[in-house]
Every structure is written in structure tokens, then in C-alpha cells.
Amino acid sequence: MTNFQVKTYDEYQQAYQRSLEDPESFWSDIASTFTWRKKWNTTLEWNFEEPDVKWFKGGKLNITENCLDRHLKTRGNKLALIWEPNDPKERFVRYTYRELHEKVCQFANVLKKNGVQKGDRVCIYMPMIPELAFAVLACARIGAIHSVIFAGFSAVSMADRINDAGAKMVLTSDGLNRGAKQIPVKRVVDEALETCPTIEKVIVVERLGWAVNMVEGRDVWYHDEVKDVSKECPAEIMDAEDMLFILYTSGSTGKPKGVVHTCGGYMVYAEYSFRNVFQYEESDIYWCTADIGWITGHTYLLYGPLLAGATTLMFEGVPTYPDMGRFWQVCDKFGVTIFYTAPTAIRSLMGGDIDDVLSYSLDSLRVLGSVGEPINEEAWHWYHTHVGKERCPVVDTWWQTETGGIMISTLANVTPMKPSHATLPLPGVHPILVDSDGKEITENGVEGHLCIKHPWPSMIRTTYGDHERCRLSYFSTYKGLYFTGDGAKRDENGLYRIIGRVDDVINVSGHRFGTAEIEEAINHNNHVIESAVVGFPHDVKGQGIYAFVICKDKPENEEWLRAEIIETVVEKIGKIARPDKIQIVSGLPKTRSGKIMRRILRKVAEGDVSNLGDTSTLLDPAVVDEIVEGSLSKAKV
Ligand code: PRX
């Protein structure tokens, strides 16, 4: 039985206070509720200078024993995973904890049979099918480090990530369903692997039944491999600080970074935060709509709920197929009680007919969640009123790939809720706001840069293969603090509202892209000399991508050129990074030292050109007039 789910505001305050006064005993008690093969010697060792953070040092465990084996006695016949396909006419599939345990063990045995060992990196590029969940857990079972790559990334992006991690194997499928479309996933893998010398094997799961190219000696079908393997697979015993997974995310430079999470701390924080934020109950049917290719899918579709012994729903499709009522139809179909999605999905559904929501009962729902980007008040109220019928609290959860789990959020029905506010930190999380000099701002009713003062168990340990990058990105801006890259406000009552990134990162539909990463892709186009990318407010995506591009020669046909540039970005990164607007310019606003003044470009992109501030320090102030003029005429794609 767990004892770490606070149930009242009083309990929250007590737990918070205790976590401040004695963080080690606070976390040690929580960690004690898990199954460890050997207890840890030291709860926490840390410094934020190197950084070097170790939780539960000396402890031995396997996270899948905690997700699966420990539930078998009491919850063996309980549903662990419900899978709803893209097409509502196709039958859904359900797995009890016992069945999921078998599937994971079988997948683990297939990995072993194909040469995967503890510590090897395995790249997973798969659609949202049950085998993706089995694959992730199978890696964890045998101590292989999974690196899941969202199946919308391009071959080039996949190859970069595979090479950075030195992965040995790719797990994939023949193709995937996405709404009315079918996409040939294996073809993307084949293209990527032309430049990935470390890959020895590819295991292909059949989803569409398509004939695909199978490279002799390298590629095998999962259904062939699984035929004769055992349904038992002993769990590899891992050190608490052994790597569990790498997940790539964008930073402010061109190259995505491999965020590393480790076994013990991630496990403890995943279940702790899942239970507390959603106020999980044993009978819940829980649905997180995120793809497992993102951190939300890792922590709150898979690990968190399974650690808690919950029933978790996995959906292959999209919110708008076959119609705008699909999410709500699935909620009614399975009696979903906790629903966790992204503001971008809510905003896209708000654009539809209100009857698409109102024609479903949604009676089973009791908690709603939001993640990935600021939720604007209009979307918050629509969600609360029409989906939650003003009965369900909306938990606005702020966190990051690097934090591993939810850091600031309302705890459903326990702590205060306020539209568009993530509100209060979870017990054990110590956020602060600092001013531009790095000085802590202690009052309320203020705004600053959001930092975290003390380690928490699921925090990033390193960026794979480049520890210095981890230090520089998160621990060097403000001495002794983890810097989130976000700006935030704290209201008069101490409730946090996250405003957004203060670095060169754009959040498009809840997905992060470095402006440098998109610029680098654009610059690959033969016609392009230089580009500058900024975000701008977008009704559905939160932020859209606006690219200012300098070309070698004046293009004969600007439309064609824009289409070509888009194609280059899709090829280098993927469709998700497609610029929304491309403006061809003859110059960029640069300072005399050559630095692009993005502030000006951001204002132009926002359409706020009345006050561009001081442009006198620019090398060529006239360029601004041209950019403004161009933006008002035909900058749009
Ligand atoms: O800017 C914040 C925004 O998303 C960033 C983290 O992105 P990523 O690592 O891809 O993780 C997304 C899912 C956890 C943050 O730095 N963000 C995330 N959640 C919120 C948010 N902004 C405002 N409110 C949120 N609830």
C-alpha cells in the first residue's frame, strides 16, 4: 500500500514542509514503497556545479518488476493496457497485467535472441501499437537503454539520433495509420540506416500487412522471432543510477540533445507524481493521449500508470478522425475517468461543432489534465465546461523532458486550481524565480526566470555523450540552480503561471524545436544563404514557425521556392517542423557584431510592428522597413 498520495490541502502542506526540511527522508520513505532487489546506501548525493546527481545510490532494482511483477499477485487479472486502434471499426485489444507481463517477457527474449545486452542502446521508431509498449518495457526488462523516436521524424533526424546514441538495433513496423493516411515507416528506417553503421539488426512488427524491403541478415519480422521464445524472462538487476532511457529533445543549438534518465529516481518520481497529480484511484480508467515518442507518453502513458497498477489506455489515432468527436467517443466507450491531453488538441477540437462534444455523455470523467504548453484561458474554459461539465478539475501540469515528471500542477481536488495556471509545486519540488542577474525574487506578484533549487529524483542526469552540454544548458546560467529555460509569473497567492520559453526554443503544438535546428534545415536548401526563425502566436498550435530567408538570387517564383524550403525542412526534421510562414528578405536585422536581433523579427512575426524599439544600433536599419513591408504583404505560405 502506498502512503505518499496526499489527499487534502493540509496533507499537501505538511508533505511540502517536510520535503523542504528533510528532503532525504521524504524521498527515502516514498522509495521504500517500491520493490528493490537491494536497498540503497545513500538517498542523495549531489552538486549542481558539475552537475552530479545520484539518487538511491547502491540500490538495485528493475523498473519492470515494479510495473508488472509486483502486481501479479493482487492485480494479475486486472486490465493493464487497453489499445484502441485508429479506425473505430477495428477491434480494440486489452491486456491484463498477467498478459502484459508475458508479452513484455516475450519481446525481451526476442531482443536477447537478436543479440541485445544490458547497456546496449535500442532505437524504437514505431507507431502507437501495443508492441511499442512491449518494446519499451522489454528494453527496460533486460537493461537495454531505449531511445524512442517519434515516428513523425524524418530519416535524417532518425539517423542523427541513432548515431548520437550508437544504437545497435532498430525496432519498427511496416507502416502506420494516422487518420485517413497510411505511412510507410519501414521505408523511412531503410533510408535512415544508409548512414547508421552501428545498427546490426532491425526487428519489424507487422501493422499494415504491407510488403516491405527486408535486408538479408539485418531485418527480421517480429512475428517470426516471437514464435518459439519463452513467456518468462528474468529481469536484469540494475543499479539505481544505471541509464533507463535516452530521449532526444531540442535545445537552442542545432543538434538535438539526448536527455538521460536513470532507473531508480525516474521510477520513484513517475508513480509518485502520477498518483498525486491525478489523485489516482484503483478503479480508474486512465487515458493519456500523448505519443510514447514524447516524454509524456513515457512517464504518463506507460511507466507512471503501470507502476501504480492502473489501467492505461493507448490510442493509435488522431483526435479528428473519423470525426471531431473521436476523443469523446473513446472516453464513453471505455468509461475513461482521467483524461490527459494537450492544449493544441483542445484548441483544434474547439474549432469544430459543439455537438461533436455534447452528443457524448462523458459521465465517467472525473479529472482532466493538460500538458506541453501554456493553456490559454479560452481553451481552459472550453475544456472545463464542455468536457468536464464543470464537475472535473483541470490539472495544468508543467514539466519538461528533462524533469522526467510533473513538477508544478494542481493536485486534483486537493490543491487550488486557477485557469491557465500550473499553480503549486508538488511536494519535493522547490521552484524559484530569479531576475536577470540571477537573484532570487522572493515576493509574490512577480515575474522571472523559473529555476529549481534542489534535486528531485527524476531529473536529467546528463545529455548522452556530452556531459558538458548538460552543464552548459541547465546549470551554468544561474549558479547552483537548474534553469528550466521558461519564464513564469507568481501571483499574489503564490500560484505559478508559466509564460513560455525565454530561450531560442519554439513550442509548436507542445513539441519543442530550437530555432537553430530549423534554420540549419532551411539553410540546406540550395537557394538559401541565411535564415532566421522565430515563433509567433498561432490559434491552434500555440506557436507557429515564421522563417525569414535570404536567397542567393531573387527567386523567379516565390511560391515554388517556399514549397521547396518546406520540403527541405520536412526532409531534414519532419512534417511537425514545417514552417507556417516564410518571408523572403534581402537582409536580416543584425547588430554591428553580426548578431541577429530576434526581438525585432519576433515583433514582425507577431504583427506588432508599431513599436519595434530602438533600431539605431543595427548595421543596416533600412532592412527593417523592408521586412515590415514584406510581412504586411505576402509573407504567408
Ligand atoms: O515551455 C514549457 C512547456 O514545454 C516545455 C517542455 O517541453 P518538452 O520537454 O517537450 O515537454 C513537454 C511535456 C512535458 C517547457 O519548458 N510546457 C510544458 N508544460 C507546460 C508548458 N508550458 C506551460 N504550461 C504547461 N503546463
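Residues numbered from 1 in each chain as written. Predicted model: local features only at pLDDT ≥ 70, side-chain atom pairs only at ≥ 80, totals over all residues. Heavy atoms only, no water.

J.: Would you mind going over the packing of aromatic side chains with me for this structure?
T.: When we look at a pair of aromatic rings, we describe it by the centre distance and by the angle of the planes. Counted by the stated rule, this structure contains 47 aromatic pairs. Here the aromatic rings of Tyr474 and Tyr482 are separated by 5.6 Å at their centres, their planes lie at 15 degrees, and the arrangement is stacked. In this structure, Tyr474 and Tyr482 share a single accessibility class: buried. Within the aromatic cluster, the residues linked to one another by ring pairs are Phe4, Phe26, Trp27, Phe34, Trp36, Trp40, Trp55, Phe56, Tyr269 and Tyr272. Lying over the aromatic face of Phe92, Arg91 brings its terminal NZ or CZ to 4.7 Å of the ring centre. Positioned above the aromatic ring of Phe153 is the side chain of Arg161, whose terminal nitrogen or guanidinium carbon lies 4.3 Å from the ring centre. (Phe/Tyr/Trp six-rings, centres within 6.5 Å; stacked < 30°, edge-to-face > 60°. Buried < 20%, exposed > 50% of the residue type's maximum accessible area, 1.4 Å probe, protein only. Lys NZ or Arg CZ within 6 Å of the ring centre and 35° of its normal.)

J.: Would you explain the sheet that holds strand 8 (residues 169–173) in this entry?
T.: Adjacent strands of a sheet pair through backbone hydrogen bonds, lying either parallel or antiparallel. Taken together, the eight strands give an open sheet; going across it, the order is 12-11-8-6-7-14-15-24, and neighbouring strands pair in mixed fashion. The outermost strands of the open sheet, each flanked by one partner alone, are strand 12 (219–221) and strand 24 (462–463). (Pairing = 2+ DSSP bridges. Helix = DSSP H or I, 4+ residues; strand = E, 2+ residues; numbered from the N terminus.)

J.: For this particular structure, what's the right way to read helix 10 (residues 295–307)?
T.: Quick reminder: α-helices carry 3.6 residues per turn. Residues three or four places apart thus point the same way. Of all 13 residues in helix 10, 13 are buried; the element is thus mostly enclosed. Two residues or fewer after helix 10 comes Gly309, characterised by a positive phi angle close to 75 degrees.

J.: Is there a simple way to explain a positive patch on the surface in this structure?
T.: Where like charges cluster on the molecular surface, the positive patch consists of Arg178, Lys181, Lys575 and Arg578. Examined against the element boundaries, Arg578 turns out to sit in the loop between helix 17 (558–572) and strand 31 (581–585). (Patch = residues over 30% accessible without salt bridge, like charges linked within 9 Å, V, L, I, M, F, W, Y side chains within 5 Å. Areas by Shrake-Rupley, 256 points an atom, 1.4 Å probe, with all protein chains shown as cover. Salt bridge = Lys/Arg side-chain N within 4 Å of Asp/Glu carboxyl O. Lys, Arg positive; Asp, Glu negative; His and termini not counted. Charge placed at Lys NZ, Arg CZ, Asp CG, Glu CD.)

J.: Please clarify how the confidence of the model for the protein chain should be interpreted in this entry.
T.: In low-pLDDT segments, the atomic positions of the prediction should not be examined closely. Confidence in the prediction of the protein chain, expressed as mean pLDDT, is 96, and 99% of residues score 70 or more. Within the protein chain, no element has a lower average pLDDT than helix 19 (residues 622–633), which sits at 90, and none a higher one than helix 5 (residues 130–142), at 99. (pLDDT = per-residue confidence, 0-100.)

J.: I tried to follow the UniProt feature "domain: AMP-binding enzyme C-terminal" (unreviewed entry) in the protein chain on my own but got confused; where do I start?
T.: Annotation from UniProt places "domain: AMP-binding enzyme C-terminal" (unreviewed entry) at residues 517–595. In residues 517–595, the share of helix is 28% and the share of strand is 33%. The end C-alpha atoms are 17 Å apart. (UniProt positions renumbered as here; feature names shortened; annotations may be inferred.)

J.: In this structure, what is going on with a negative patch on the surface? I would like to understand it.
T.: Judged by side-chain charge, Asp620, Asp625, Glu626 and Glu629 come together as a negatively charged surface patch. One can find Glu626 in helix 19. Glu626 sits in the partly exposed class, given a relative accessible area of 32%.

J.: Sorry if this is basic, but what is going on with the nonpolar core here?
T.: When a protein is soluble and globular, its nonpolar side chains tend to lie buried together. In terms of nonpolar packing, the biggest core is built from 125 residues, with Trp36, Leu111, Ile124, Leu171, Phe278 and Tyr303 touching the most fellow members. The residues touching Ile124, leaving out its near neighbours within four places in the chain, are Leu132, Ala135, Val136, Cys139, His146, Ser147, Val148, Ile149 and Leu171. One finds Ala155, Val549, Ile565 and Ile566 within the second-largest nonpolar core, a separate group that totals 44 residues. (Core = buried A, V, L, I, M, F, W, Y, C linked by side-chain atoms within 4.5 Å. Contact = heavy atoms within 4.5 Å.)

J.: In this structure, what is going on with the site of the ligand? I would like to understand it.
T.: For the ligand, the set of nearby residues contains 17 residues, the closest of which are Asp396, Thr397, Thr401, Asp486 and Arg512. A distance of 3.2 Å separates an oxygen atom of the ligand from a polar atom in the backbone of Gly372. A distance of 3.2 Å is found between an oxygen atom of the ligand and a side-chain nitrogen or oxygen belonging to Asn507. Bound to the protein, the ligand loses 96% of the 540 Å² it would expose on its own. Mapped onto the shell around the ligand, the elements with two or more residues apiece are helix 10, strand 20 (394–397) and strand 26 (496–501). Of the residues assigned to the shell around the ligand, the class counts are six nonpolar, six polar and five charged. (Near = heavy atom within 4 Å. Polar contact = N/O pair within 3.5 Å; in protein donor to acceptor, adjacent residues only side chain to side chain. Nonpolar A, V, L, I, M, F, W, Y, C, P; charged D, E, K, R; others polar.)

J.: Please clarify how the domain arrangement of the protein chain should be interpreted in this entry.
T.: Interface size is often expressed as the accessible area that is lost when the parts come together. For the protein chain, the assigned domains read domain 1 (93–236) and domain 2 (506–633). Using C-alpha coordinates to define each centre, domain 1 is positioned 37 Å away from domain 2. In this complex, domain 1 contributes seven residues to the contact, which on the side of domain 2 involves nine residues. Contact between domain 1 and domain 2 buries roughly 510 Å² in total, counting both sides, with carbon and sulfur atoms accounting for 55%. On the domain 1 side of the interface with domain 2, the three residues burying the most area are Phe153, Ser154 and Val156, jointly 57% of the side's total. Scanning the region where domain 1 abuts domain 2 turns up zero salt bridges. Counting across the interface, domain 1 meets domain 2 through five residue pairs in polar contact (both at pLDDT 80 or more). (Domains from an automatic or database assignment. Buried area = accessible area lost by both parts, 1.4 Å probe.)

J.: Is there a simple way to think about the pattern of salt bridges in this case?
T.: A side chain of one charge can pair with a side chain of the opposite charge if their charged atoms are brought near each other. In total, this model carries 44 salt bridges according to the counting rule given. Among the charged side chains, a salt-bridge network with shared partners connects Lys186, Asp190, Arg218 and Asp219.

J.: Can you walk me through the environment of Val528 in this structure?
T.: Looking at where Val528 falls in the secondary structure, it is placed in strand 29 (residues 528–538). Discounting residues that sit within four places of it in the chain, Val528 has contacts with Ile522, Asn523, Val549, Ile550, Cys551 and Ile565.

J.: Would you mind showing me how to read the side chain of Ser250 here?
T.: Within the fold, Ser250 resides in the loop between strand 14 (243–249) and strand 15 (257–262). A polar side-chain atom of Ser250 sits 2.6 Å from a polar atom in the side chain of Glu517. Discounting residues that sit within four places of it in the chain, Ser250 has contacts with Lys257, Arg512, Phe513, Gly514 and Glu517.

J.: Please clarify how the UniProt feature "domain: Acetyl-coenzyme A synthetase N-terminal" (unreviewed entry) in the protein chain should be interpreted in this entry.
T.: In the numbering used here, UniProt assigns the feature "domain: Acetyl-coenzyme A synthetase N-terminal" (unreviewed entry) to residues 12–67. With 43% helix and 25% strand, the stretch residues 12–67 has end C-alpha atoms that lie 26 Å from each other.

J.: It is not clear to me how helix 19 should be interpreted in this structure. Could you clarify?
T.: With 12 residues, helix 19 extends 17 Å between its outermost C-alpha atoms, agreeing within 8% with the 16 Å of an ideal straight helix rising 1.5 Å per residue. Within the sequence span of helix 19, burial applies to Val623, Val624, Ile627, Val628, Gly630 and Ser631. Seen end-on, helix 19 carries its buried residues on one side only, within an arc spanning 165 degrees. Among the exposed residues of helix 19, those oriented more than 90 degrees off its buried face are Asp625, Glu629, Leu632 and Ser633. Tucked inside the fold, the buried residues of helix 19 contact strand 30 (542–551), strand 31 and helix 18 (598–606). (Expected span 1.5 Å × (residues − 1). Arc of directions from axis to C-beta.)

J.: Mind showing me how you'd approach the environment of Thr8 here?
T.: Within the secondary structure layout, Thr8 lies in the segment before helix 1 (9–21). A residue is classified by how much of its surface remains accessible, and Thr8, at 36% relative accessible area, is partly exposed. C-alpha separation for the pair Thr8 and Phe315, spaced 307 residues apart in sequence, amounts to 32 Å. Side-chain polar atoms of Thr8 contact the backbone nitrogen of Glu11, separated by 3.0 Å.

J.: I'm lost on the packing of helix 12 (residues 343–350) against helix 14 (residues 377–387) in this one. Help?
T.: Two packed helices can be described by the angle between their axes and the distance between those axes. The interhelical angle for the contact between helix 12 and helix 14, taken along N-to-C directions, is 75 degrees, at an axis separation of 10 Å. Judged on the interaxial angle alone, helix 14 and helix 12 are roughly perpendicular. Mapping the contact onto sequence places Ile346, Arg347, Leu349 and Met350 in helix 12 and Glu378, Ala379, Trp382 and Tyr383 in helix 14. Here the contact of helix 12 with helix 14 is composed, by residue class, of six nonpolar, no polar and two charged. (Axes fitted to C-alpha atoms, helices over the stretch in contact; angles between N-to-C directions. Parallel < 35°, antiparallel > 145°, perpendicular 65-115°, else oblique.)

J.: Explain the sheet that holds strand 19 (residues 367–371) here, please?
T.: An order of 5-4-17-16-18-19-20 is seen for the seven strands of this open sheet, with the pairing classed as mixed. Taken across any chain shown, the strands that pair with only one partner, and hence form the sheet edges, are strand 5 (93–96) and strand 20. Across the sheet, the mean angle separating the axes of adjacent strands is 20 degrees when strand polarity is ignored. Pairing of strand 16 (residues 285–288) with strand 18 (residues 338–341), which is carried by three bridges, proceeds in the parallel orientation. Within strand 18, the residue paired with Tyr286 across the bridge is Ile338. Seen against the sheet, helix 9 (residues 263–278) touches strand 16, strand 18, strand 19 and strand 20 and runs at an angle of roughly 145 degrees to strand 20.

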